[in-house]
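Geometric and topological summary
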Amino acid sequence: MEPVETSPRPAEPFRRADARRNHERVFAAALDVFAEAGLQGTVPQIAERAGVGKATVYRSYPTKEDLVAAVVDHRLAELERFTAPALAQTDPYVAFSQYVLRLFESLADDRLLSEALADGQFRNISGLLDRLSNLMEVAKPTGLVRADATVLDLRVVLCGMMLQLIRVADREPALWRRFGELTLQALRP
């Protein structure tokens, strides 16, 4: 008599597909919750929005910080795509100014990324700040950016504006764009 296989192999692909779907639902819910609530978003809120238990969230992301980091990385990649047209500009000041304005416009809809940039606490945020600093340096010879503007100046003005916009809790893109324009004006000679 041949042995009958009793392992759950046929069910494994279904379980893996189910786990993948849960993972995708958790991540989509995290994108929404963190965009709305920023770092104040909670794992229970994410689990509820995803229609799963907290344990399912923690199975994919052992800590809230892991989930936040994954969302920040994803949002930064989206931001890269959104700001790419500005980087393609041949005029250095146009590239810098369009990048700043697109940055503010996109951050209006994303509380987590605006908080992350304002706080500078995530390692990948430094790449964004480096890019902005490089664009500013290249734009200086146009005479439209203060020759004495420093990376610290840029960070204080840009992040200071974002912190205040976060505090007033107004997510209107036109308002954020206005403060992007004020940021550019603050860096003018």
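Since this is a predicted model, take the numbers as computed values, not measurements. (Residues numbered from 1 in each chain as written. Predicted model: local features only at pLDDT ≥ 70, side-chain atom pairs only at ≥ 80, totals over all residues. Heavy atoms only, no water.)

Moving on to the overall build of the protein. In terms of regular secondary structure, the protein is built from 9 helices and 0 strands. Listed N to C, the secondary structure of the protein is α-α-α-α-α-α-α-α-α in terms of helices and strands. For the protein, the residues scored as buried account for 39% of the 189 residues in total. Accessible surface computed for the protein: about 10500 Å², of which carbon and sulfur atoms make up 54%. (Helix = DSSP H or I, 4+ residues; strand = E, 2+ residues; numbered from the N terminus. Buried < 20%, exposed > 50% of the residue type's maximum accessible area, 1.4 Å probe, protein only. Areas by Shrake-Rupley, 256 points an atom, 1.4 Å probe, with all protein chains shown as cover.)

It is worth spelling out the environment of Thr42 at this point. Among the secondary structure elements, Thr42 is positioned in the loop between α1 (11-37) and α2 (43-50). For the pair Thr42 and Lys64, spaced 22 residues apart in the sequence, the C-alpha separation amounts to 7.8 Å.

In this section: the confidence of the model for the protein. Interpretation of the predicted coordinates at a detailed level should be avoided for regions scoring low in pLDDT. Summarising the model, the protein shows a mean pLDDT of 85, and 89% of its residues fall at 70 or more. Here residues 1-12 is modelled with pLDDT under 50, and outside its nearest four sequence neighbours on either side it reaches 1 contact, counting other chains as well. (pLDDT = per-residue confidence, 0-100. Contact = heavy atoms within 4.5 Å.)

Among the nonpolar cores identified, the biggest contains 54 residues, and Ile46, Leu67, Phe96, Leu103, Leu117, Leu158 and Met162 are the most heavily contacted of them. Elements that contribute at least two residues to this core include exactly α1, α2, α4 (64-87), α5 (92-107), α6 (111-119), α7 (125-139), α8 (151-168) and α9 (173-186). Among the elements that take part in this core, α5 stands out by supplying 9 residues, more than any other. Excluding residues that lie within four positions of it along the chain, Ile46 makes contacts with Val26, Ala29, Ala30, Val33, Phe34, Val57 and Leu67. (Core = buried A, V, L, I, M, F, W, Y, C linked by side-chain atoms within 4.5 Å.)

On to the side chain of Ser133, then. Tracing the sequence through the fold places Ser133 in helix α7. Ignoring anything within four residues of it in the chain, the contact list for Ser133 reads Val151 and Leu154.

Let us now look at the packing of aromatic side chains. Under the criterion given, the structure shown has 2 aromatic pairs. A ring pair is formed by Phe104 and Trp176, whose centres lie 6.4 Å apart and whose planes are at 55 degrees; its orientation type is tilted. Residue Phe104 is found in helix α5, and its partner Trp176 is found in helix α9; the two are separated by 72 residues along the sequence. Under the relative-accessibility criterion, Phe104 is labelled buried at 0%. For Trp176, a relative accessible area of 0% puts it in the buried group. Sitting over the ring of Phe82, Arg102 keeps its end group 5.2 Å from the ring centre. Of note, Arg178 hangs over the ring of Phe179, and the distance from its end group to the ring centre comes to 5.6 Å. (Phe/Tyr/Trp six-rings, centres within 6.5 Å; stacked < 30°, edge-to-face > 60°. Lys NZ or Arg CZ within 6 Å of the ring centre and 35° of its normal.)

Applying the stated rule across the entire model yields 9 salt bridges. For the salt bridge of Arg75 with Glu78, the shortest nitrogen-to-oxygen distance reads 2.9 Å. Of this pair, Arg75 and Glu78 both sit in helix α4, 3 residues apart, roughly one helical turn. A relative accessible area of 28% means that Glu78 is categorised as partly exposed. (Salt bridge = Lys/Arg side-chain N within 4 Å of Asp/Glu carboxyl O.)

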